[in-house]
Amino acid sequence: MNMLLFFTLGLFVHFVFFVSIFDIYFTSPLVHGMTPQFTPLPPPAKRLVLFVADGLRADALYELDENGNSRAPFLRNIIMYEGSWGISHTRVPTESRPGHVALIAGFYEDVSAVAKGWKENPVEFDSLFNESKYTWSWGSPDILPMFAKGASGDHVYTHSYDAKTEDFGANDATKLDTWVFDNVKDFFDTARNNQSLFSKINEEKIVFFLHLLGIDTNGHAHRPSSRDYKDNIKKVDDGVKEIVSMFKHFYGNDGKTTFIFTSDHGMTDWGFHGAGHPSETLTPLVTWGAGIKYAQKVSAQEFDDAFLKEWRLENWKRQDVNQADIAPLMASLIGVPFPLNSVGILPVDYLNNTDLFKAESMFTNAVQILEQFKVKMTQKKEVTLPFLFTPFKLLSDSKQLNILRKARSYIKQRKFDEAVSLCKELIHLALEGLSYYHTYDRFFLGVNVVAGFVGWTSYASLLIIKSHSNLTRGLTVKKSSHLLPYGFLAAGLLVALFLLIQACPWTYYVYCLLPVPIWYAVLREFQVIQDLVASLLTFPLSHFVGYLLVFTVGIEVLVLSFFYRYMLTAGLIVFAGWPFLTKLWTQAKITSLSWTLFSLLLAVFPLMPVVGRTPDISLVMGAGLLVLLLSLFAVPSLIKRKGSFAKEELLVHLLQILSTVLSMYVVYSTNSSLRRKQGLPLMNQLLSWAVLASSLVVPLLSSPVLFQRLFSILLSLMSTYLLLSTGYEALFPLVLSCLMFVWIHMEQETLQQSGISCKKKLTNIQFSYTMDITQFRQLYLDDIRRAFFLVFFLVTAFFGTGNIASINSFELASVYCFLTVFSPFMMGALMMWKILIPFVLVMCAFEAVQLTTQLSSKSLFLIVLVISDIMALHFFFLVKDYGSWLDIGTSISHYVIVMSMTIFLVFLNGLAQMLTTKKLKLRGFDSDVSKPLQQSPPYLDCFSYTPRRLCTCRAQC
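About the thresholds
- Residues numbered from 1 in each chain as written.
- Predicted model: local features only at pLDDT ≥ 70, side-chain atom pairs only at ≥ 80, totals over all residues.
- Heavy atoms only, no water.
- Helix = DSSP H or I, 4+ residues; strand = E, 2+ residues; numbered from the N terminus.
- Contact = heavy atoms within 4.5 Å.
- Areas by Shrake-Rupley, 256 points an atom, 1.4 Å probe, with all protein chains shown as cover.
- Buried < 20%, exposed > 50% of the residue type's maximum accessible area, 1.4 Å probe, protein only.
- Lys, Arg positive; Asp, Glu negative; His and termini not counted.
- Salt bridge = Lys/Arg side-chain N within 4 Å of Asp/Glu carboxyl O.
- Pairing = 2+ DSSP bridges.
- pLDDT = per-residue confidence, 0-100.
- Axes fitted to C-alpha atoms, helices over the stretch in contact; angles between N-to-C directions.
- Phe/Tyr/Trp six-rings, centres within 6.5 Å; stacked < 30°, edge-to-face > 60°.

Engineer: What is the right way to read the overall build of the protein chain from this model?
Structural biologist: Of regular secondary structure, the protein chain possesses 34 helices and twelve strands. Taking all contacts inside the protein chain whose residues are at least 6 apart in sequence as the whole, residues at least 24 apart take part in 79%. In the structure as shown, the protein chain presents an accessible area of about 40,000 Å², 62% of it carried by carbon and sulfur atoms.

Engineer: What exactly am I supposed to notice about the side chain of Lys-358 here?
Structural biologist: Mapped onto the fold, Lys-358 is located in helix α14 (residues 355–382). Of the side chains bearing the opposite charge, Asp-355 lies closest to the buried Lys-358, which forms no salt bridge; the N-O distance is 4.3 Å. With sequence-adjacent residues up to four places away left out, Lys-358 is seen in contact with Lys-293, Val-348, Leu-351, Asn-353 and Val-420.

Engineer: I tried to follow the pairing of strand β2 (residues 84–89) on my own but got confused; where do I start?
Structural biologist: Successive residues of a regular strand alternate their side chains across the two faces of the sheet. Among the six residues that make up β2, five are buried, leaving the element largely enclosed by the rest of the structure. Judged from the two bridges that link them, β2 and strand β8 (residues 321–322) form a sheet pairing that is parallel. Within the sheet, the bridge partner assigned to Ser-88 lies in β8 and is Val-321.

Engineer: Just checking my understanding: could you explain the confidence of the model for the protein chain for this structure?
Structural biologist: Regions with low pLDDT carry predicted coordinates that are not meant to be interpreted in detail. The predicted model of the protein chain averages 84 in pLDDT, with 86% of residues at 70 or higher. Predicted confidence for residues 114–118 stays below pLDDT 50, and this span has twelve contacts to residues more than four positions away or in other chains.

Engineer: Explanation requested: the pattern of salt bridges in the structure shown.
Structural biologist: Where charged atoms from two side chains of opposite charge come close, those side chains can pair. With the rule as written, the count across this model stands at 21 salt bridges. The partner of Asp-320 in a salt bridge is Arg-318, with the nearest N and O atoms 2.8 Å apart. Assessed through its relative accessible area of 26%, Asp-320 is described here as partly exposed. Of the charged contacts in the structure, one is a salt bridge between Arg-786 and Glu-747, with a shortest N-O distance of 2.7 Å. Taken together, the residues span a long stretch of sequence, with Arg-786 in helix α31 (residues 781–799) and Glu-747 in helix α30 (residues 732–753) at a distance of 39 residues.

Engineer: Teacher, can you tell me more about the sheet that holds β8 here?
Structural biologist: Strand pairing within a sheet occurs via backbone hydrogen bonds; the two strands may be parallel or antiparallel. Pairing within the open sheet is mixed, and its eight strands lie in the order β4-β3-β5-β1-β6-β7-β2-β8. At either margin of the open sheet sits one strand with a lone partner, and together these are β4 (156–160) and β8. Contacts between helix α7 (residues 175–191) and the sheet are confined to β3 (134–139), β4 and β5 (206–212), with β5 contributing the most and set at about 150° to the helix. Packing against the sheet, helix α13 (residues 326–334) makes contact with β1 (47–53), β2, β5, β6 (257–262), β7 (282–289) and β8, and its axis sits at approximately 170° to β6.

Engineer: So what exactly am I meant to see when it comes to helix α23 (residues 566–576) here?
Structural biologist: Every α-helix carries 3.6 residues per turn, so stepping three or four residues along brings you back to the same face. Turning to α23, its buried residues are Met-567, Leu-568, Thr-569, Gly-571, Leu-572, Phe-575 and Ala-576. Buried positions along α23 lie against α22 (541–561), α25 (589–604) and α31.

Engineer: Sorry, what's going on with the environment of Phe-792 here?
Structural biologist: Residue position: Phe-792 is located in helix α31. Given a relative accessible area of 1%, Phe-792 falls into the buried group. Along the chain, Phe-792 and Val-557 lie 235 residues apart, while their C-alpha atoms are 9.2 Å from each other. Those residues in contact with Phe-792, other than ones at most four positions away along the chain, are Val-557, Leu-558, Leu-568, Gly-571, Leu-572 and Phe-575.

Engineer: I'm lost on unusual backbone geometry in this one. Help?
Structural biologist: Where the residue is not glycine, phi is negative for most of them; where a peptide bond is considered, it is trans in most cases. With a phi close to 50°, Asn-253 is a non-glycine residue in the positive phi region. Tracing the backbone shows Asn-253 in the loop between α10 (227–250) and β6.

Engineer: Looking at this structure, how should I read the packing of aromatic side chains?
Structural biologist: Within this structure, the stated rule accounts for 68 aromatic pairs. With centroids separated by 5.4 Å and ring planes inclined at 45°, the aromatic side chains of Phe-129 and Phe-209 adopt a geometry described as tilted. Of this pair, Phe-129 sits in helix α5 (residues 128–131) while Phe-209 is found in strand β5, placing the two residues 80 residues apart along the sequence. Looking at Phe-129, the relative accessible area reads 2%, which means it is buried. Residue Phe-209 is classed as buried on the basis of its relative accessible area, which comes to 0%. Between Trp-578 and Phe-789, the aromatic rings sit 5.3 Å apart at their centres with planes inclined by 85°, giving edge-to-face as the arrangement.

If you want it as structure tokens, here you go:
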């Protein structure tokens, strides 16, 4: 097969495998076509005020300060005397949009919203705001519009500040909350003189929503342990107190207002959120007013944590809820239909109402969730062949009717506790059934994806054996039978017909039909399989088992490193001892010692805390000084050279030194400015973007000689990396690059052991030679090690500093040299580039390894592809949708990371080739795409290919 066609197909296949995880685990849970359900009794409240303090942790609100005083005295007083309180447990991803959707719509956001940055509605949904008569909301432009857009009619009003106000480097982020409080007061002042507005806000079933972003902004900018974060809580408490007082005064203390104070998500100690750490998933819930039970004193409470004692609230009844439970609570309080897609369970213990109201509300909740179950079951039944359909046995039609009749009977007999208990049982069964039908096709799709995975990996392995090894050389190729293609064609038609009858989505056709041509391609190579088996039978069993064991252990170490970063340390320590287990130690002592030293230095990084949790600008400055020191060492050798080309090289090098100095200045200056709360200086911002823009261009101006080009790439990328660093991670690419330089030397030495006596200095090898050199030699066993080294170094580049150990490892402060105004896509792109820089350094070094070992990039890349696919298959089986939210999110992110790595390898390989082989002329910046040298480099003439060996041919080499 043509290699370009193979890589194109490979990209498509891996893209399909990558997307499959979202179809299998992350399809939208929403269904449509349900009938609205609401409690038939009069509600206790006419209006609801919802305060959402974005990014507020439960402990930050409830705990006492060092003087034994509460940071939120007003809310503390509510807990102790006027209302009910507890912890609201959120789910991953702990981001603002999913949190607000759970609060206001009652369901947990599906991952399809990620593609739109959680700003747009990927699937329209019902919400409390939509069901209300009127809703007025104030706050962030990122949150409010999504609920107004999904609302039917024109009854949801939004009042937002400008998005540029969300500045992490601003002088005072509490102004975001002050803006909300002030605008709410102005709104009610206006209503007193506006008869139309006055009549609207005196209606029933209305909602006021105050979104308070200041705490989240201060948490990102200064961390939750900072004085700014804690003072912001006090200001929010004061603002809530004023708003409550204003409501009571405006409505004449009519006792018909319910107040709910909560948060969408928490925040880690290092100022981030998105994953499942308890500091992110535990949020406060304080409720008071109409329909809410008063504070209850208790003598003892049973909880698995020690929070009550820490917060000194052990004598006030704590009632925990899931975040989605708040939506039905709010709906029942103002008497609107429960949001149609809500999966929340009404927390009746929060209600201060009659037992009849509680029972009727719970019954309504059960019917509302049961409606979703019925619609979901009907949808699945309609698209499944009758003899293949397996219904959810725990909740048959007859059982549904029996439970509903029994619950209604209990209510008539005034057995309200029994009715509530029975409705809860029905809700749990309906939710279990919803999950059952939502994941109905999961096993079927999983089997097809695994079949495609195994088939593709097998085919790639056979292609390596057939095209890049000597195992099949000289063997006659038997003509394939026509039975094979016809058989697979028939199988494909049967699969397509089966999917057509079941009215499956078009993506199912891709997952189910893709394995058919893949396995056809595998079985077409039956002769290669026979040759491989025959060759393996001649191989000593002990050697075969030993190599297989080493390969398996290596793969498992890579897999385990995703869960335990210290496995990378263990692997690097083994790497450090590699020269002493071979003849390399006796052959090249200095190179071997350098390899051992840098392997051990790099092994330290996975043992350090995840980057960002302990920022230290002095370490960034130290890394910059080391880069400058290395740069200055190269200046004398450039000065000694003669000719215009040498002057051009010197000028480029001086530009890179200047870029490093500017990066150090910007980092130091920006950090000082932000500490003084003066924001990001415009000049620093412009310099940062200029350094970033030049980092991919300046290396192309340097000499294509291997060592000089790699050194130039390192200097340019390090300038950008310094701007994106907050601590020790600034040293990581430097140590990694040193190891990469030594790796290139080590691979040259291993060639000597393989019977190749020619060795070329790195200062004389040019990247500009582009001829495909597969004609010079085929793959042998040591090349598997080289490919494994590449994969290991790529994983180390990913997890060496913990940059993507989980989503909350990202440190927003790392982009503050470029921007401080909240922009999720721009910030995400910058942080992704920071992660990719070590990746690029490794790939550029790998280009050099391929060049110095006279190997085609295609052959080695195929081995890398097979190794990464085996890892991806591991993670596909390890994906889970049960257990803690941290476990679920981690298992999914691991699969996504490995599949992304496989796909991005092609992109990064192209980027590395561009950085190493392209040459721009400084004068006029004329593009000069690298061309073959007029005369082949001497070291390439040293080899001639024979079927069984690689021999030297020129003594002058």
